[in-house]
Amino acid sequence: MADDKKAVVLLSGGLDSATILALARQEGFQCHALSFDYGQRHKAELKAASTVATAGGACEHKVATLGVGFIGGSALTDLGLSVPQVPTTGIPVTYVPARNTVFLAVALGWAEVLGARDIFIGVNAIDYSGYPDCRPEYLAAFETLANLATRAGVEGGRFRIRAPLLHLTKAEIIRTGLKLGVDYQLTLSCYAPSDAGHVCGVCDACRLRAKGFAEAGIPDPAGAI
């Protein structure tokens, strides 16, 4: 693997991010995994992210601490708001204001320092919760910003925001990951897990995961949820 073929991979510890790490590795990238401790109630995902980074062959894994929880506005950061246990309409209360913009901005800064030009993010516009920062037009706009707002971009470098799962169903994502050897037993997909990492089984993330494995015709190796 060429030392200069580097990528920053946003890694939450969930099913999608474990898959994009495998896809980036398949392309021959030296993967620098980046997770965020942003005051989320599902902090157990960070332990999963560390395990996934090691198992997935990341060359390093950093956890950035961002205290964005103080702004509130999301059931993932405000314990005064409940994580919905049934499907809702519109953008759900689990949306964290500007989260992907903040995450991608930090990833962009690290990528520029590393000399990486590819940033992988596991957003999906099909089987997802309706977040506005998971749409293709958003990713295209951020890529434009990345190449306008950095020294590397101004000097002729070209950043690419890579979202290989964008147009896949959850079942297709699972099948893709399994072909690449992803161990989904190591992943955590839940907005309200216990401190020990036991999933709630009823939040949007749990329902989407269960739906994906059911449609793929494959038992969830992490157990029934």
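Rules used in this analysis
Residues numbered from 1 in each chain as written. Predicted model: local features only at pLDDT ≥ 70, side-chain atom pairs only at ≥ 80, totals over all residues. Heavy atoms only, no water. Helix = DSSP H or I, 4+ residues; strand = E, 2+ residues; numbered from the N terminus. Buried < 20%, exposed > 50% of the residue type's maximum accessible area, 1.4 Å probe, protein only. Contact = heavy atoms within 4.5 Å. Areas by Shrake-Rupley, 256 points an atom, 1.4 Å probe, with all protein chains shown as cover. Axes fitted to C-alpha atoms, helices over the stretch in contact; angles between N-to-C directions. Parallel < 35°, antiparallel > 145°, perpendicular 65-115°, else oblique. Left-handed = near helix turned anticlockwise from the far one by under 90°. Phe/Tyr/Trp six-rings, centres within 6.5 Å; stacked < 30°, edge-to-face > 60°. Pairing = 2+ DSSP bridges. Right-handed = clockwise from strand over helix to strand, strands pointing away. Expected span 1.5 Å × (residues − 1). Arc of directions from axis to C-beta.

Within the chain, the secondary structure is distributed over seven helices and five strands. Across the 225 residues in the chain, those meeting the buried criterion constitute 48%. Sequence separation of 24 or more characterises 70% of the internal contacts of the chain that already satisfy a separation of 6 or more. Total accessible area computed for the chain in this model is approximately 10,200 Å², and 55% of it derives from carbon and sulfur atoms.

Let us now look at the packing of helix α1 (residues 15-26) against helix α6 (residues 170-179). With their axes 9 Å apart at the nearest point, α1 and α6 run at an angle of 45 degrees to one another. Viewed along their axes, α1 and α6 adopt a mutual orientation that is oblique. Handedness of the crossing formed by α1 with α6: left-handed. Facing L15, D16, T19 and L23 of α1, the residues of α6 in contact are K170, I173, I174, T176 and G177.

So, on to the packing of aromatic side chains. Taken as a whole and judged by the stated rule, the model has five aromatic pairs. Between Y38 and F103 the ring centres are 5.4 Å apart and the planes differ by 65 degrees, which places this aromatic pair in the edge-to-face class. Pair noted here: Y38 is in the loop between β2 (30-37) and α2 (44-55) and F103 is in helix α3 (residues 99-114), with a separation of 65 residues, a long-range link. F103 shares its class with Y38; the two are buried. Considering the side-chain rings of Y138 and F142, the 6.5 Å spacing of their centres and the 45 degrees angle between planes classify their relative orientation as tilted.

To continue, consider the pairing of strand β1 (residues 6-10). Remark: a regular strand shows side chains that alternate across the two faces of the sheet. Among the five residues of β1, four are classified as buried, and the element is accordingly described as predominantly covered. Here β1 pairs with β2 via five bridges, running parallel. If you follow A7 over to β2, its bridge partner there is C31. Regarding the hand of the β-α-β motif, the stretch spanning β1, α1 and β2 is right-handed.

Relative to the 18 Å expected for 13 residues at 1.5 Å per residue, helix α4 (residues 136-148) spans 19 Å between its end C-alpha atoms, a close match to the ideal helical length. Restricting attention to buried positions, one finds in α4 the residues Y138, L139, F142, E143, A146 and N147. Viewed end-on, α4 has its buried residues packed into an arc of 165 degrees, placing them on one side of the element. Against α3, α5 (151-154) and β5 (160-162) lie the buried residues of α4.

Ordered by their spatial adjacency, five strands build an open sheet running β3-β2-β1-β4-β5, and the pairing between neighbours is parallel. Edge positions in the sheet fall to β3 (60-65) and β5, since each has one partner strand and no second. Along the sheet, successive strands turn relative to each other by an average axial angle of 25 degrees, direction set aside. Two elements, β2 and β3, share six bridges in a ladder whose sense is parallel. When the bridges of β3 are listed, H32 appears paired with E60. Of the strands in this sheet, β1, β2 and β4 (118-120) touch α1, which is tilted by about 170 degrees from β1.

Within β2, seven of the eight residues are buried, leaving the element largely enclosed by the surrounding structure. The handedness of the β2 to β3 crossover, carried by α2, is right-handed.

What follows deals with the environment of A141. Locating A141 in the fold gives a position in helix α4. Separated by 20 residues in the primary sequence, A141 and I161 have C-alpha atoms spaced 9.9 Å apart.

Moving on, we come to the side chain of N100. In this fold, N100 is placed in helix α3. Setting aside its immediate chain neighbours within four residues, N100 contacts I121, V123, D133, C134 and Y138.

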